Amino acid sequence: MSTHVDFPVCLRLQGKRVLLVGAGTIADERSQQLVDAGARVRVVAPSIGATIRRLAEEGRLELLERAYVPGDVRGHDVVFVATDDRRVSQTVADEARALGIWVNAADIPELCDFTLPSVGRRGPIVVAVSTSGLSPALARQLRRRFLEQVGPGHVQLARLSGWLRKRLPCGSERMRLLKQLVEGEAGELLARGQRRAAWAQVRAALETFGETR
Ligand SMILES: C[C@@]1(CC(=O)O)C2=NC(=C\c3[nH]c(c(CCC(=O)O)c3CC(=O)O)Cc3[nH]c(c(CC(=O)O)c3CCC(=O)O)/C=C3\N/C(=C\2)[C@@H](CCC(=O)O)[C@]3(C)CC(=O)O)/[C@H]1CCC(=O)O
Ligand SMILES: NC(=O)c1ccc[n+]([C@@H]2O[C@H](COP(=O)([O-])OP(=O)(O)OC[C@H]3O[C@@H](n4cnc5c(N)ncnc54)[C@H](O)[C@@H]3O)[C@@H](O)[C@H]2O)c1
């Protein structure tokens, strides 16, 4: 029984060059997520799914409507391959690795430098579950269950915290205030939908901010 665990990260893909090889069901889903993350996406495939077609028409990704040719991986930061031909996936992964480019091959763990967790999103909050390759179906089921725990109050709390961290000088007092925001009464009030009362708490905390510095 393997004891390995996959190491989770959240990639900042804004402006990064991403190659997607294949444009079927799986690649179609990936394309929207990659574009949403701000990546500069290029897709190479002879047969094109509806989402990729639309994104290409909107000018949000570049589409090369042909089979993969050697050298296509060049110049990219990350490569995703999701074709129905194992030999193509193997070629793409070999070429990417030879150039030191990280690759994910859908459903082929031995060709992956990184695997993809099951992901759900509410605003800026991302829930991701990995089973280190043991049970993608379980990852999906748990992700759905965990996402149900994330309510509109959590999204407001995350946004409010982001707003405050931009405006307040960093340091121990800001840290204390932001921790208190989540763990204290304001967080609970937001979770219950009592926005006015929550804001009153935040305003009171802000009035005393800076006094102990
Ligand atoms: C989470 C998700 C993310 C995504 O792809 O976006 C994802 N697979 C999903 C679904 C799914 N995939 C499979 C089933 C059938 C039931 C089952 O097998 O459980 C279902 C469930 C379904 O379809 O309902 C079959 C399957 N998958 C892999 C193999 C190969 C092998 O095991 O050897 C086989 C057997 C192929 C065969 O038998 O031929 C391998 C991988 N699949 C991974 C990710 C990586 C590990 C993730 C982890 O650590 O948990 C990894 C290692 C590589 C990678 O692809 O990155 C996505 C859920 C999206 C969502 O949330 O909706
Ligand atoms: N991880 C997951 O969740 C998951 C789930 C289902 C399937 N899969 C796997 O992902 C892979 C893709 O599945 P799918 O449903 O998207 O397949 P699909 O049949 O819908 O699409 C295949 C795509 O590969 C492209 N393609 C074929 N030959 C190519 C070449 N030489 N160069 C470039 N593109 C080429 C086709 O044009 C098409 O766009 C399969 O191996 C499947 O087993 C993964």
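What counts and what doesn't
Residues numbered from 1 in each chain as written. Chains lettered and ligands numbered in written order. Predicted model: local features only at pLDDT ≥ 70, side-chain atom pairs only at ≥ 80, totals over all residues. Heavy atoms only, no water. UniProt positions renumbered as here; feature names shortened; annotations may be inferred. Axes fitted to C-alpha atoms, helices over the stretch in contact; angles between N-to-C directions. Helix = DSSP H or I, 4+ residues; strand = E, 2+ residues; numbered from the N terminus. Parallel < 35°, antiparallel > 145°, perpendicular 65-115°, else oblique. Left-handed = near helix turned anticlockwise from the far one by under 90°. Contact = heavy atoms within 4.5 Å. Nonpolar A, V, L, I, M, F, W, Y, C, P; charged D, E, K, R; others polar. Pairing = 2+ DSSP bridges. Patch = residues over 30% accessible without salt bridge, like charges linked within 9 Å, V, L, I, M, F, W, Y side chains within 5 Å. Areas by Shrake-Rupley, 256 points an atom, 1.4 Å probe, with all protein chains shown as cover. Salt bridge = Lys/Arg side-chain N within 4 Å of Asp/Glu carboxyl O.

Naming follows an unreviewed UniProt entry, where the chain appears as precorrin-2 dehydrogenase of Archangium minus. If you open the UniProt record of the chain and go to Pathway (unreviewed entry), you find "Porphyrin-containing compound metabolism; siroheme biosynthesis; sirohydrochlorin from precorrin-2: step 1/1." In its Catalytic activity (unreviewed entry) section, the UniProt record describing the chain reads: "precorrin-2 + NAD(+) = sirohydrochlorin + NADH + 2 H(+)".

Any details on the packing of helix H5 (residues 152–167) against helix H8 (residues 195–208)? Residues and values, ideally.
At a closest axis distance of 13 Å, the pairing of H5 and H8 adopts a crossing angle of 25 degrees. Considering the angle they form, H5 stands roughly parallel to H8. Every pair of crossing elements has a handedness; the one defined by H5 and H8 is right-handed. On the side of H5, the interface is formed by Gln156, Leu160 and Leu164, while H8 contributes Arg195, Trp199, Val202 and Leu206. Classifying every residue of the contact of H5 with H8 gives five nonpolar, one polar and one charged.

Break down the pairing of strand E7 (residues 125–129) for me, citing the residues and quoting the values.
With five bridges joining them, strand E6 (residues 118–122) and E7 adopt antiparallel strand pairing. For Gly120, the partnering residue across the bridge sits in E7 and is Val127. The antiparallel pairing of E6 with E7 creates a hairpin that spans two residues between the two strands, and Gly123 there sits at a positive phi of about 55 degrees.

Quick rundown of a nonpolar patch on the surface? Include the residues and the values.
There is a patch of nonpolar side chains on the surface, built from Phe7, Val9 and Leu11 and spanning about 380 Å² of accessible area. Following the sequence through the fold, Leu11 ends up in the segment before strand E1 (17–21).

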